[in-house]
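The primary structure of each chain is shown beneath.
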Amino acid sequence: MAKTAEPKTTAAKTATAKPARGTRTAAETEKIRAALTERRDELKAEHDQTLTEIHELQQHRLTDSAGDDQADTGTKTGEREQEITIANNLADRVLQVERALERLDEGGYGWCEKCGNAIPVERLAAFPSATLCVTCKQLEERR
């Protein structure tokens, strides 16, 4: 009698199947949550400090602008715009981390929002609030 071979398609599907979502343990989830919460708190403190410094510098500039020429005024305006940009970037980063915490609660943290594949652990370690896998992020940046 001849042996019947198992269909190759079953083996191929098993080998290429995506890992199931939610395979993280409760301890791993809490470790991620703690790291994200700590990062969010650090960013918020940095943002608040930046806003305080901007306010103080603004007060100083108002009292110390007598005798400024156009170049001085332009320099101060450029510096103020740079400070505001830094504060806005910090606020955006806080929002990214908060979104990562939401995704963690929803079970979508660590999964690409575009293709649904797992985001590599190395990418999440370097950029914990990543929402796209490396491939999708590269495609997005090319556009």
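Everything here concerns the structure above.
Model, not experiment: these values are computed from the prediction.

Participant: Go over the overall build of the chain, please, and point to the residues and values.
Facilitator: Secondary structure assignment for the chain yields 5 helices and 0 strands. Taken from N to C terminus, the helices and strands of the chain fall in the order α-α-α-α-α. Taking all 143 residues of the chain together, 22% fall into the buried category. Excluding contacts between residues fewer than 6 apart, the proportion of contacts in the chain whose partners are at least 24 apart in sequence is 55%. Here the chain displays about 10400 Å² of accessible surface, and carbon together with sulfur accounts for 54% of that area.

Participant: Any chance you could break down helix 3 (residues 70-106) for me, citing the residues and the numbers?
Facilitator: The end-to-end C-alpha separation of helix 3 is 53 Å, in line with the 54 Å expected for 37 residues at 1.5 Å each. Among all positions in helix 3, only Lys76, Glu83, Ala87, Leu90, Val94, Val97, Ala100, Leu101, Arg103 and Leu104 are buried.

Participant: Any chance you could break down the nonpolar core for me, citing the residues and the numbers?
Facilitator: With 16 residues, the main nonpolar core has Leu36, Tyr109 and Cys112 as its most contacted residues. Among the secondary structure elements, those contributing two or more residues to this core are helix 2 (26-63) and helix 3. With 6 residues, the single largest contributor to this core is helix 3.

Participant: Please set out the pattern of salt bridges residue by residue, giving values where relevant.
Facilitator: A full pass over the atoms with the stated rule returns 10 salt bridges. Here Glu42 makes a salt bridge to Arg39, at a shortest N to O gap of 3.2 Å. Here Glu42 pairs with Arg39, and both are found in helix 2, just 3 residues apart, close to one helical turn. Owing to a relative accessible area of 36%, Glu42 belongs among the partly exposed residues under this scheme. Across the salt bridge formed by Arg40 and Asp41, the nearest N and O atoms sit 3.4 Å from each other. Of the residues examined, Asp41 reaches a relative accessible area of 39% and is grouped as partly exposed. Each of the salt bridges in this network shares a partner with another, and the network as a whole consists of Arg99, Glu102, Arg103, Glu106 and Glu113.

Reading the values: the criteria
- Residues numbered from 1 in each chain as written.
- Predicted model: local features only at pLDDT ≥ 70, side-chain atom pairs only at ≥ 80, totals over all residues.
- Heavy atoms only, no water.
- Helix = DSSP H or I, 4+ residues; strand = E, 2+ residues; numbered from the N terminus.
- Buried < 20%, exposed > 50% of the residue type's maximum accessible area, 1.4 Å probe, protein only.
- Contact = heavy atoms within 4.5 Å.
- Areas by Shrake-Rupley, 256 points an atom, 1.4 Å probe, with all protein chains shown as cover.
- Expected span 1.5 Å × (residues − 1).
- Core = buried A, V, L, I, M, F, W, Y, C linked by side-chain atoms within 4.5 Å.
- Salt bridge = Lys/Arg side-chain N within 4 Å of Asp/Glu carboxyl O.

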